[in-house]
Amino acid sequence: MGLQRVLGLGSYKTAWTWLHKLRRAMVRPGRDRLSGRIEVDDTYLGAPEEKRQGRGTRKKAVLVVAAQEDGRGTGRIRMRRVKDCSAESLLGFIEDSVELGSTIHTDGWQGYAGLEKKGYRHEVTEIAHSGKTGSQLLPRVHRVVSLLKRWLSGTHQDAVRHEHLDYYLDEFTFRFNRRTSNYRGKLFYRLVQQAANVAPVPYHLVKHQEKS
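All of the points below concern the structure found in this document. (Residues numbered from 1 in each chain as written. Predicted model: local features only at pLDDT ≥ 70, side-chain atom pairs only at ≥ 80, totals over all residues. Heavy atoms only, no water.)

## A few points about the sheet that holds strand β3 (residues 73–82)
The test is simple: For two strands to count as paired, DSSP must find a minimum of two bridges between them. In DSSP terms, a helix is any run of H or I states spanning at least four residues, a strand is any run of E spanning at least two, and both are numbered starting from the N terminus. Axes, fitted as lines to C-alpha atoms, cover a helix only where it is in contact. Angles between the N-to-C directions of the axes lie from 0 to 180 degrees. Two residues form a contact once any of their heavy atoms are found within 4.5 Å.
Strands sit in the order β3-β2-β1-β4-β5 across an open sheet of five strands; the sheet is mixed. For this open sheet the edge positions go to β3 and β5 (121–124), each flanked by a neighbour on one side alone. Neighbour-to-neighbour, the strand axes of this sheet turn through a mean angle of 25°, independent of strand direction. Alignment of strand β2 (residues 61–70) against β3, held across eight bridges, turns out to be antiparallel. Its bridge partner lying in β3, Glu69 is registered against Thr74. Lying on the sheet, helix α3 (residues 87–97) is in contact with β1 (37–45), β2, β3 and β4 (103–106); it crosses β3 at an angle near 135°. Running at roughly 170° to β3, helix α6 (residues 162–177) makes contact with β1, β2 and β3 of the sheet.

As structure tokens, this is what we get:
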């Protein structure tokens, strides 16, 4: 609605479509992968499920998040919605997102067990036996997830459907990775430049087609 007012667009549908078109331009093809020491963890978005939580949930969206260590702070991030917490899903995300030879810090979930065979150094922290919480042992990932949930709840009123979630994750990642930039005009230029290089996406595809 804010975009509709600022641009003087005649309909909410037009503004909504424009935003989704821009979100599709927020991922640059061939972008650099993360490197160095990376925290990786999975998380879940959706309404509470009775007697089910964590990796036992069935209806929530499953996300995997990677956060690059930058001293005591957080560098760049990557995130993706995956079908489950299997090794196939988790390792596929890591291979697409992190340079070979990097150190991956995870909890003890077996879905991450094949990282060394894939060419990564793997540091495991067994959270269940540490006496500490996940947010203490993997603080960067948990901070990113907390900010994501606050953004979806505050800005979007938790009204994001699962089939559109991937593109909201792209927007959050785009914003987060450029949060310290002093050149806001350059960010706008880069987004417009990328928007000119993506395929046209008419409204009916935005509304009904999930991200492949």
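## Regarding a positive patch on the surface
Definition in use: Note that patches include only residues with greater than 30% relative accessible area and no salt bridge, and the join distances are 9 Å for like charges and 5 Å for nonpolar side chains (Val, Leu, Ile, Met, Phe, Trp, Tyr). Every accessible area reported is derived by Shrake-Rupley at a probe size of 1.4 Å, with residue values counting cover from the shown protein chains alone. Each reported salt bridge corresponds to a side-chain nitrogen of Lys or Arg within 4 Å of a carboxyl oxygen of Asp or Glu. The positive count covers Lys and Arg only, the negative count covers Asp and Glu only, and His and the chain ends enter neither. To locate a charge, take NZ of a lysine, CZ of an arginine, CG of an aspartate or CD of a glutamate.
A surface patch of positive charge is lined by Arg28, Arg31, Lys186 and Arg190. Here Arg28 lies in the loop between α2 (12–24) and β1.

## Digging into a nonpolar patch on the surface
Operational definition: Classification of residues uses two cut-offs on accessible area relative to the type maximum, computed with a 1.4 Å probe and protein chains only: under 20% is buried, over 50% is exposed, and between them is partly exposed.
Together, Val6, Leu7 and Trp18 give the surface a local cluster of nonpolar side chains, amounting to about 320 Å² of exposed area. Inspection of the secondary structure puts Val6 in helix α1 (residues 2–7). Relative accessible area serves as the criterion here: at 68%, Val6 is assigned to the exposed category.

## A look at the nonpolar core
Applied cut-off: Take the buried Ala, Val, Leu, Ile, Met, Phe, Trp, Tyr and Cys residues and link them wherever side-chain atoms come within 4.5 Å; each set so joined is a nonpolar core.
If you look at the biggest cluster of nonpolar residues, it comprises 22 residues, and the most contacted ones within it are Met79, Leu148, Leu152, Leu165 and Phe172. Sorting the residues of this core by element identifies β2, β3, α5 (139–154) and α6 as the ones contributing at least two each. Discounting chain neighbours no more than four positions away, the residues touching Leu165 are Leu45, Ala61, Leu63, Arg81, Leu152 and Val160. The next biggest cluster of nonpolar side chains, apart from the first, holds 18 residues, and it includes Leu34, Val82, Leu90 and Tyr112.

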